[in-house]
Amino acid sequence: MLPELSRAEIQRYSRHLLLPEVGPEGQRKLKAGSALIVGTGGLGSPVALYLAAAGVGHIGLVDYDVVDESNLQRQIVHGTGMVGRLKVESARQRLLDLNPEVRVDVFNEPFTSVNAMRIAEPFDVIIDGTDNFPTRYLANDLCVLTGKPLVYGAVFRFEGQASVFYAKEGPCYRCLFPEPPPPGLVPSCAEAGVLGVLPGTIGTIQATEALKLLLGIGSTLAGRLLLYDALDMSFEYVKLKKDPNCKICGSHPEVTELIDYEAYCGVPGYDHAAVPAENDREINVVELAERLKRGDKLRLIDVREPHELKVSSLPGALNIPLGVLASRLSELDSAQETILFCRSGTRSQRALELLLSAGFKKVKNLRGGINAWAREVDTKLPIY
Ligand SMILES: [Zn+2]
């Protein structure tokens, strides 16, 4: 039995009620429907806004981060007044302002194999708005195991992808990519730039697919991968096939429970840098500043891309971008104590692992990167 619409709801949703494909019955389906949005960032923002506006009765939001000024270029559910506040709280307030008729439940925690089943249980559709490998595999496996559809989206620089992985109707993500790529093969996705509007386009497509799934109308992206190029303004589709030997949705599945994958391209499913644990392979910015002042002979290697040096740089640092580091090891003296840094410490952690595996012993990663330096040591440097 679908819930009735109130007078206020009939007024609010009149443009839906005018569509024969939606109508009062469809709107009641949306009111009875529910969607879990994992991540309230660039993709999650438009998904959450449009699903709330459309009247999806129960919306779940998962995130563990706080709003940062650098998020606002694309994470449009948040506002300047919310900088420093929990993202899930910021998003909930905005959604309830947009539409007080919907219920918004928030989960201020990383989405992991331990809590994913519990969090996702009451929701009809799962939308991955995190765009990282660990969450993508976790959400895929969860959806296959529980029979729910997964709405997938990913963005990189000026390009995006979207699909629906619904094992009942078509392939799952593992049919295409059985296992995550080995660390190092993926470009440093955590710190790649992105045109702010791009996750808006892809997230809006994800919201469209979620609404179609809840309404049961149209044909979704299940079995198709949408490829979008913003610079060319081109949309292409690739047909996807179900793999009968798929590790999780095939006839003899190997994966029968949730797995936490981590450390692809140095991007864990959730940010361990947020946890204040130091190890002897790390140096913090205050310690580095003291040692440089003392005149300690340290080799500073900046593994960022050359254009980032125009934003901020440390004097005397040698720039070797992470992508070419492996081919330039001969320029480094393994006997000299070396400090690696990048913007926030993610890429330099990858660089550290690369140097350690190449036999370097006297290397450390600068915790928090040049942004931490800008916050704590040289406050004239910009933070980006
Ligand atoms: Zn599969």
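Just so it is clear, the structure is predicted and the values come from calculations on it, not from any experiment.

Draft legend 1. Geometry of the sheet that holds strand S8 (residues 234–239). Reading across from one edge, S3-S2-S1-S4-S5-S6-S7-S8 is the order of the 8 strands in this open sheet, with mixed pairing throughout. Strands at the two margins of the open sheet, each flanked by one partner only, are strand S3 (103–107) and S8. Sheet twist, expressed as the mean angle between neighbouring strand axes with direction ignored, is 15°. Sheet topology places strand S5 (residues 150–156) next to strand S6 (residues 159–165); 7 bridges connect them, and they run antiparallel.

Draft legend 2. Highlighting the pattern of salt bridges. Counted according to the given criterion, the structure contains 19 salt bridges. Glu9 serves as the salt-bridge partner of Lys31, at 2.8 Å between the closest nitrogen and oxygen. Pair noted here: Lys31 is in helix H3 (residues 23–32) and Glu9 is in helix H1 (residues 7–12), with a separation of 22 residues, a long-range link.

Draft legend 3. Region of interest: the packing of helix H4 (residues 44–54) against helix H5 (residues 87–98). The N-to-C vectors of H4 and H5 enclose an angle of 30°; their axes lie 9 Å apart at closest approach. What the angle tells us is that H4 and H5 run roughly parallel. Every pair of crossing elements has a handedness; the one defined by H4 and H5 is right-handed. Packed against H4, whose contacting residues are Ala48, Leu49, Ala52 and Ala53, the element H5 presents Arg94, Leu95 and Leu98 at the interface. A breakdown of the residues in the contact of H4 with H5 according to their chemical character gives 6 nonpolar, no polar and 1 charged.

Draft legend 4. Spotlight on the nonpolar core. By size, the foremost hydrophobic cluster in this structure holds 40 residues, and its most contacted members are Ile37, Leu51, Val56, Ile59, Leu61, Leu95 and Ile127. Top element by residues in this core is helix H9 (residues 198–215). It accounts for 9 residues. Once you skip the residues sitting within four places of it in the chain, Leu95 turns out to touch Ala48, Leu49, Ala52, Ile59, Leu61, Val77 and Val104. Leu36, Ile126, Ala154 and Leu225 belong to the second largest nonpolar core, which has 25 residues in total.

Draft legend 5. Up close: the coordination of the zinc ion. Protein-derived coordination of the zinc ion comes from Cys172 (SG), Cys175 (SG), Cys246 (SG) and Cys249 (SG), at a distance range of 2.2 to 2.3 Å. Around the zinc ion, the 4 donor atoms sit at angles spanning 95 to 120°, and that spread fits a shape best called tetrahedral. Motif for the zinc ion, donor spacing along one chain: C-x2-C-x70-C-x2-C. You can see Cys175 sitting in helix H8 (residues 173–176) and its partner Cys249 sitting in the loop between S8 and strand S9 (282–283), a full 74 residues away along the chain. Judged by its relative accessible area of 15%, Cys249 falls in the buried class.

What counts, and at which threshold
- Residues numbered from 1 in each chain as written.
- Predicted model: local features only at pLDDT ≥ 70, side-chain atom pairs only at ≥ 80, totals over all residues.
- Heavy atoms only, no water.
- Pairing = 2+ DSSP bridges.
- Helix = DSSP H or I, 4+ residues; strand = E, 2+ residues; numbered from the N terminus.
- Axes fitted to C-alpha atoms, helices over the stretch in contact; angles between N-to-C directions.
- Salt bridge = Lys/Arg side-chain N within 4 Å of Asp/Glu carboxyl O.
- Parallel < 35°, antiparallel > 145°, perpendicular 65-115°, else oblique.
- Left-handed = near helix turned anticlockwise from the far one by under 90°.
- Contact = heavy atoms within 4.5 Å.
- Nonpolar A, V, L, I, M, F, W, Y, C, P; charged D, E, K, R; others polar.
- Core = buried A, V, L, I, M, F, W, Y, C linked by side-chain atoms within 4.5 Å.
- Buried < 20%, exposed > 50% of the residue type's maximum accessible area, 1.4 Å probe, protein only.
- Donors = N, O, S within 2.8 Å, 3.2 Å for Na, K, Ca; no water.
- Tetrahedral: all angles 85-135°; square planar, octahedral: opposite > 155°, others 65-115°.

That is the geometry; function is a separate question.
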